[in-house]
Amino acid sequence: MAHIEASHPDGTAADWTIPQDWQRYTPAEHAMWDRLFERQAKLLPGRVAPEFLEGLEVLRMSKPGIPDFEELSDRLMKATGWQVVAVPGLIPDDVFFDHLANRRFVSGNFIRTPEQVDYLQEPDIFHDVFGHVPLLANPVFADYMQAYGQGGQRAAGLGVITNLSRLYWYTVEFGLIRNGGDLNIYGAGIVSSYGETLFALDDPSPNRLGFDLTRLMRTKYRIDDYQQAYFVIDSFEDLLRQTLDTDFGPLYAGLAGLPDIEIETILPDDRVITRGTQAYARNKQVPA
């Protein structure tokens, strides 16, 4: 999720959007997009949810160079009624939720440098557009993202953004999904990362647990390295159904009396798909 505490920056519209200014991208910046795209395009088949690859095709994102948001939004609008808008960086929660609730996906308009090819702290256009946008061409996931934005507006009024942000983190950013007898990735934080695309499915370190809404919303998460836990949904349809069918008011009330769950913890009633060794985190001496 995008969050800051800051005054409204100069040069932005009231909703914090800015022009993408596609013409300003340099050949080197387009080449960086192409380098990242080619690397992920080779790695993802068989690992990513088929709906993601379908979205790449529908939106014609294999076209060389950084996508023009106007052209991309035209295709996305025809598919699911969404559009992509540029913002200067991280934006306040209420603005973020309002965009999602109105089927607008916000994206930074800068791209990482060669020195940041494998890691950068603030999401760039490759993470935002390559990682997130293809699934917005899927009607079910598109509805889930809008429902999340509407839920965020309610959560902000109740002061429970922390709990709801965990839902976004463990689904939209770092979610896994069943595909027959296998697991696939779909979260943008994994899909846009070469290293985590491999780690999330192949490494013995992380726990992989069945999706449980209440449990997930109590669980802490990492922002600085590969995840120590992933939650696995059965389908996008089930994720949307659980989101729409849940009365979040009583859920938040119940969460208020419960402690947070540490990332590496496995509870007795968890549906354990993989009991991780946590060796990756421990070897780096990363606090749980």
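Residues numbered from 1 in each chain as written. Predicted model: local features only at pLDDT ≥ 70, side-chain atom pairs only at ≥ 80, totals over all residues. Heavy atoms only, no water.

Colleague: Before we move on, could you go through the pairing of strand β6 (residues 229-233) and cite the residues and values that matter?
Modeller: Here is the key point about a regular strand: its side chains alternate between the two faces of the sheet. Most of β6 sits inside the fold, with 5 of its 5 residues counted as buried. The side-chain alternation of β6 yields two buried faces, one formed by Ala229, Phe231 and Ile233 and the other by Tyr230 and Val232. Sheet analysis places strand β3 (residues 176-179) next to β6, joined by 2 bridges and oriented parallel. Pairing of Leu176 across the sheet is with Val232, part of β6. (Buried < 20%, exposed > 50% of the residue type's maximum accessible area, 1.4 Å probe, protein only. Helix = DSSP H or I, 4+ residues; strand = E, 2+ residues; numbered from the N terminus. Pairing = 2+ DSSP bridges.)

Colleague: So, the packing of aromatic side chains: which residues are in play, and what are the values?
Modeller: Scanning the entire structure with this criterion turns up 20 aromatic pairs. A ring pair is formed by Phe96 and Phe97, whose centres lie 5.9 Å apart and whose planes are at 55°; its orientation type is tilted. Residue classification places Phe96 among the buried residues on the basis of a relative accessible area of 4%. With a centroid separation of 6.2 Å and 55° between ring planes, the pair formed by Phe97 and Tyr148 is classed as tilted. Of this pair, Phe97 sits in helix α4 (residues 93-101) while Tyr148 sits in helix α6 (residues 139-158), placing them 51 residues apart in sequence. (Phe/Tyr/Trp six-rings, centres within 6.5 Å; stacked < 30°, edge-to-face > 60°.)

Colleague: I'd like a rundown of the sheet that holds strand β7 (residues 272-274), residues and numbers included.
Modeller: Reading across the sheet, the 5 strands line up as β4-β3-β6-β5-β7 and stay open at both edges, with mixed pairing between neighbours. Lying at the two open borders of the sheet, with one neighbouring strand each, are β4 (182-185) and β7. Averaged over all adjacent pairs, the angle separating strand axes in this sheet is 35°, with direction ignored. (Axes fitted to C-alpha atoms, helices over the stretch in contact; angles between N-to-C directions.)

Colleague: Explain the environment of Thr219 to me, using residue names and the numbers behind them.
Modeller: Of note, Thr219 is situated in the loop between α10 (213-216) and β6. Residues Thr219 and Asp260, spaced 41 residues apart in sequence, show a C-alpha to C-alpha distance of 5.8 Å. Excluding anything up to four places from it in sequence, Thr219 contacts Arg166, Tyr170, Phe231, Ile261 and Ile263. (Contact = heavy atoms within 4.5 Å.)

Colleague: Kindly report on the environment of Met145, identifying the contributing residues and their values.
Modeller: You can see Met145 is positioned in helix α6. Overall, Met145 belongs to the buried group, its relative accessible area being 1%. A sequence separation of 40 residues divides Met145 from Phe105, and the C-alpha atoms of the two residues are 9.1 Å apart. Not counting chain neighbours up to four residues away, the residues in contact with Met145 comprise Trp82, Leu100, Phe105, Leu136, Tyr168 and Val172.

Colleague: Lay out the packing of α6 against helix α7 (residues 161-173) with the relevant residues and their values.
Modeller: Contact pair α6 / α7: the axes reach a minimum separation of 9 Å and the direction vectors enclose 165°. For the element pair α6 / α7, the angle class is roughly antiparallel. Once α6 is placed against α7, the crossing between them reads as left-handed. Taking contact as the criterion, the partners of Phe141, Tyr144, Met145, Tyr148, Gly151, Gly152, Ala155 and Ala156 in α6 are, on α7, Ile161, Leu164, Ser165, Leu167, Tyr168, Thr171 and Val172. (Parallel < 35°, antiparallel > 145°, perpendicular 65-115°, else oblique. Left-handed = near helix turned anticlockwise from the far one by under 90°.)

Colleague: Quick one: what's the story with the confidence of the model for the protein, residue by residue and with numbers?
Modeller: Scored by pLDDT, the protein has a mean of 93; 96% of the residues are at 70 or more. A low-confidence stretch, residues 1-5 (pLDDT under 50), is modelled with 19 contacts involving residues beyond four sequence positions or located in other chains. (pLDDT = per-residue confidence, 0-100.)

Colleague: Describe helix α12 (residues 248-255), naming the residues involved and giving the relevant values.
Modeller: Every buried residue belonging to α12 is among Phe248, Leu251, Tyr252 and Leu255, and all of these are buried. Projected down its long axis, α12 carries its buried residues within an arc of 95°, all on one side. The exposed set on the far side of α12, more than 90 degrees from its buried face, consists of Pro250 and Ala253. Looking at the buried residues of α12, the elements they touch are α6, α7, α10 and α11 (236-245). (Arc of directions from axis to C-beta.)

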